[in-house]
Amino acid sequence: MVTINENYLKLKAGYLFPEIARRVNAFAEANPNAAIIKLGIGDVTEPLPQACRDAMAQAIQDMGDRSSFKGYGPEQGYLWLREKIAEHDFNARNCGIDASEIFVSDGSKCDCGNILDILGKDNTIAVTDPVYPVYVDTNVMAGHTGEADENGKYEGLTYLPISADNDFTAAIPSGKVDLIYLCFPNNPTGAVATKAHLQTWVDYAKANGSLILFDAAYEAFITDPEIPHSIYEIEGARDCAIEFRSFSKNAGFTGTRCALTVVPKSLTVKASTGEDVQLWKLWNRRQCTKFNGVSYIVQRGAEAVYSAEGQAQIKALISFYLENAQIIRDRLSAAGLKVYGGINAPYVWVQTPAGLSSWDFFDKLLESANVVGTPGSGFGAAGEGYFRISAFNSRENVEEAMNRITANLKL
Ligand code: MLT
């Protein structure tokens, strides 16, 4: 008899974004004339940078000639891309990351889930609340949790509440946890972490033999020069942290797919025999067995991000989305809403007005303004009473959405 992975039955509802899409589609079907503006899922809208498109067009030409044709590439990514990443993203900030420690992949969401392949099943796990749901759901799928309670909290996970009271940065747990998920700039709250804050996490991880899984998918949106972009800017992080990065949000690759994970060679974990095992070796083995690498064409596109033109073009793209975020912040604050984030991140975290629940506010905005956002409670129990608005859209749509929200809501 076929059996299933029963852990999937523990998952609450659908994955957040498909669930939102389902509700929006139902509304659109019932209201075919509604001009819906989507500021929900953080999906980019602006065209790919010209430098990336030119490089990919050239790569297609390379594929048309036997002398430059490429079949399977290295599972870890082409060295010419990994060297550029090491130089620009890490070593320009004195992170001491070697190209061989970088694994190019098709997405940091995928890697955040896949990393569990190389970790044991008895680790204790800490996540913030609210949190990017992938960290929680992938652990549920892997059988690392018990059942969810009525608030959607899974037994066995340590939830670290983040709110305006602690600047959306979690307090260090009082007990010992093995795995700690951190995301900065934060999805969903748009908050950032100072070097001092990250140092406390690294010190904790080193003292407790813990592993930090650091999601830096939004690092390119950091505008404050004092804020670290990588966990490896923090002393000691090479020995206790894995970092996930993406080309999705800085260069508009959500549909093109390219990301990277850094696993330092100095990062070791004890096997049950007491032997120190390099996580790099396990991840390398996992990738070589289960992954055939990102396409040559896409990697050439990603490489172009690091050219002079590419750098100027992604800078303009990021500034554009950050200006959107500023418009959202300004308009909603002027309308009397309390807003957070959106300065070093493409997400604005809004307190719902008049004590409305997150999903009630979602319905209200959809029905009265035909604007889609993301209910804060979809990111965890502590997100209740909040709403995330994404700055990823055209200027016209962002301005129109703000006009409609402020006109339609009696705040
Ligand atoms: C989000 O909206 O939170 C992101 O788009 C999710 C993702 O990048 O997977």
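Participant: Is there a simple way to explain the sheet that holds strand β6 (residues 211–215) in this structure?
Facilitator: Each strand in a sheet pairs with another by means of backbone hydrogen bonds, the pair being arranged parallel or else antiparallel. In space, the seven strands of this open sheet follow the order β2-β8-β7-β6-β5-β3-β4, with mixed pairing throughout. Whereas interior strands pair on both sides, the edge strands pair on one side only; in this sheet they are β2 (102–105) and β4 (157–161). Ignoring which end each strand starts from, the neighbouring axes of this sheet average 20° apart. Taken strand by strand, helix α7 (residues 279–290) contacts β2, β6, β7 (241–246) and β8 (259–262), and its axis lies near 25° from that of β2.

Participant: What should I look at first to understand the pairing of strand β15 (residues 386–390) in this one?
Facilitator: As a general feature of sheets, a regular strand has side chains that alternate between the two faces. Most of β15 is tucked away: five of the five residues are buried. What you see with β15 is no split at all: Tyr-386, Arg-388 and Ser-390 on one side and Phe-387 and Ile-389 on the other are buried throughout. Both strand β12 (residues 347–351) and β15 contribute to a ladder of five bridges, which runs antiparallel. Bridge assignment links Trp-349 to a residue of β15, and that residue is Arg-388. Pairing between strand β14 (residues 374–375) and β15: two bridges, direction antiparallel. Paired with Pro-375 across the bridge in β15 is Phe-387.

Participant: Explain the state of the cysteines here, please?
Facilitator: Covalent bonding between the sulfur atoms of two cysteines is what defines a disulfide. Overall, the coordinates contain zero disulfides when judged by the stated rule. Here Cys-183 stays unpaired: no disulfide links it, and the sulfur of Cys-112, its closest cysteine neighbor, is 8.2 Å away. Cys-258 forms no disulfide, and the closest cysteine sulfur to it belongs to Cys-52, at a distance of 10 Å. Residue Cys-258 is classed as buried on the basis of its relative accessible area of 1%.

Participant: Quick question: what am I supposed to make of the packing of aromatic side chains here?
Facilitator: For any two aromatic rings, the description comes down to two numbers: the centre-to-centre distance and the angle of the planes. All told, the structure shown has 22 aromatic pairs when counted by the stated rule. Centre to centre, the rings of Tyr-218 and Tyr-347 are 5.1 Å apart; their planes meet at 65°, and the pair counts as edge-to-face. Highlighted residues: Tyr-218 in the loop between β6 and β7 and Tyr-347 in strand β12, separated in sequence by 129 residues. Classification of Tyr-218 by relative accessible area gives buried; the value is 5%. With a centroid separation of 6.1 Å and an interplanar angle of 70°, the aromatic rings of Trp-349 and Phe-379 are classed as edge-to-face. Taken together, the positions of Trp-349 in strand β12 and Phe-379 in the loop between β14 and β15 put the pair 30 residues apart, joining distant regions of the chain. Judged by its relative accessible area of 2%, Phe-379 is buried.

Cut-offs applied
Residues numbered from 1 in each chain as written. Predicted model: local features only at pLDDT ≥ 70, side-chain atom pairs only at ≥ 80, totals over all residues. Heavy atoms only, no water. Pairing = 2+ DSSP bridges. Helix = DSSP H or I, 4+ residues; strand = E, 2+ residues; numbered from the N terminus. Axes fitted to C-alpha atoms, helices over the stretch in contact; angles between N-to-C directions. Contact = heavy atoms within 4.5 Å. Buried < 20%, exposed > 50% of the residue type's maximum accessible area, 1.4 Å probe, protein only. Disulfide = S-S within 2.5 Å. Phe/Tyr/Trp six-rings, centres within 6.5 Å; stacked < 30°, edge-to-face > 60°.

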